[in-house]
Amino acid sequence: MLGERPDAPQLPLYLVATEPDAVAIAFAQVKAGNMKFTALAADETLLPVYKSLPDIGWDAQVAAWRKVLERLATQFAAGAAAVQPKNPQTTCRNCELQPLCRIHERLGAGVADQEGDDEG
């Protein structure tokens with residue numbers, strides 16, 4: 001949910017697009033024996049389980065999500081499709097397009113060395 005290329009942008013997108021005055025986002029994790037909320041909130045008393053918010057504070061975090069999501073949407077709409085895997089060792093391991101993007105040549109032998117490693 002955080003960073004310049006968030007792994008899970010869905011909840012921040014819902015927030016900035018439809019609920020700009022919201023003070024928390026959360027999703028429920030339902031797993032046998034381990035049910036909980038994963039959340040970010042303006043105030044840690046709002047939800048039963050709280051994940052630490054970056055030091056910038058809630059309002060600045062919402063503004064940062066808006067900026068990042070607008071940038072990503074603009075790039076997508078413009079057809080930007082640069083090959084820039086965040087985690088090449090795991091992302092590229094099962095990709096069938098490696099001969100086209102030549103990721104091994106671009107990133108060096110590190111990706112090729114990890115190819116047979118199924119841990120992750």
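What you are looking at is a predicted structure, and each value in this text was computed from that prediction instead of being measured.

**Q** With reference to specific residues and values, describe the overall build of the protein.
**A** Counting its regular elements, the protein contains 6 helices and 2 strands. In sequence order, the protein lays out its α and β elements as α-β-β-α-α-α-α-α. Residue burial in the protein is summarised as follows: out of 120 residues, 21% are buried. For the protein, long-range pairs separated by at least 24 residues make up 35% of all intrachain contacts whose partners lie at least 6 apart in sequence. Total accessible area on the protein is roughly 8600 Å²; 54% of this is exposed by carbon and sulfur atoms.

**Q** Can you explain helix H1 (residues 10-18)? Please cite residues and give values.
**A** Among all positions in H1, only Pro12, Leu15 and Val16 are buried. Along the axis of H1, the buried positions cluster into a sector of 85 degrees, meaning they face one direction only. Facing away from the buried side of H1 by more than 90 degrees, the exposed set consists of Ala17 and Thr18. Looking at the buried positions of H1, the neighbouring elements they touch are strand S1 (24-29) and helix H2 (58-77).

**Q** Can you tell me about the layout of surface pockets, naming the residues and giving the values?
**A** Reported here for the largest pocket is a volume of approximately 220 Å³. If you go around the largest pocket, the residues you meet are Arg5, Arg71, Leu72, Gln75, Phe76, Ala80, Ala81, Ala82 and Gln84.

**Q** I'd like to hear about the packing of aromatic side chains, residue by residue, with values.
**A** With the rule as written, the count across this model stands at 1 aromatic pair. Where Trp58 meets Trp65, the ring centres are 5.8 Å apart and the plane angle is 85 degrees; that geometry is what we call edge-to-face. Of the two residues, Trp58 and Trp65, neither departs from the other in class, the shared state being buried.

**Q** Before we move on, can you summarise the pairing of S1 with the specific residues and values?
**A** Pairing of S1 with strand S2 (residues 36-41), which is carried by 6 bridges, proceeds in the antiparallel orientation. Residue pairing in the sheet places Ile25 in a bridge with Leu40 of S2. From the end of S1 to the start of S2, which pair antiparallel, there are 6 residues, and Gly33 there has a positive phi angle of about 80 degrees.

**Q** Could you give me a rundown of H2, with the residues and numbers involved?
**A** If you check H2, its first and last C-alpha atoms are 28 Å apart, about what 20 residues at 1.5 Å a residue would give, namely 28 Å. Every buried residue of H2 is listed here: Trp58, Gln61, Val62, Trp65, Val68 and Leu69. All buried residues of H2 lie within an arc of 130 degrees about the axis, which places them on one face of the element. Exposed and oriented more than 90 degrees from the buried face of H2 are Asp59, Lys67 and Thr74. In this structure, the buried side of H2 is in contact with H1, S1 and S2. Note on H2: the residue one or two positions beyond its end, Gly79, has a positive phi of about 85 degrees.

Reading the values: the criteria
Residues numbered from 1 in each chain as written. Predicted model: local features only at pLDDT ≥ 70, side-chain atom pairs only at ≥ 80, totals over all residues. Heavy atoms only, no water. Helix = DSSP H or I, 4+ residues; strand = E, 2+ residues; numbered from the N terminus. Buried < 20%, exposed > 50% of the residue type's maximum accessible area, 1.4 Å probe, protein only. Contact = heavy atoms within 4.5 Å. Areas by Shrake-Rupley, 256 points an atom, 1.4 Å probe, with all protein chains shown as cover. Arc of directions from axis to C-beta. 1 Å grid on protein atoms, 1.4 Å probe; cavity = no way out; pocket = protein on both sides within 12 Å on 5 of 7 lines; lining within 4 Å. Points joined across faces, edges and corners; volume = space filled by probe spheres on them. Phe/Tyr/Trp six-rings, centres within 6.5 Å; stacked < 30°, edge-to-face > 60°. Pairing = 2+ DSSP bridges. Expected span 1.5 Å × (residues − 1).

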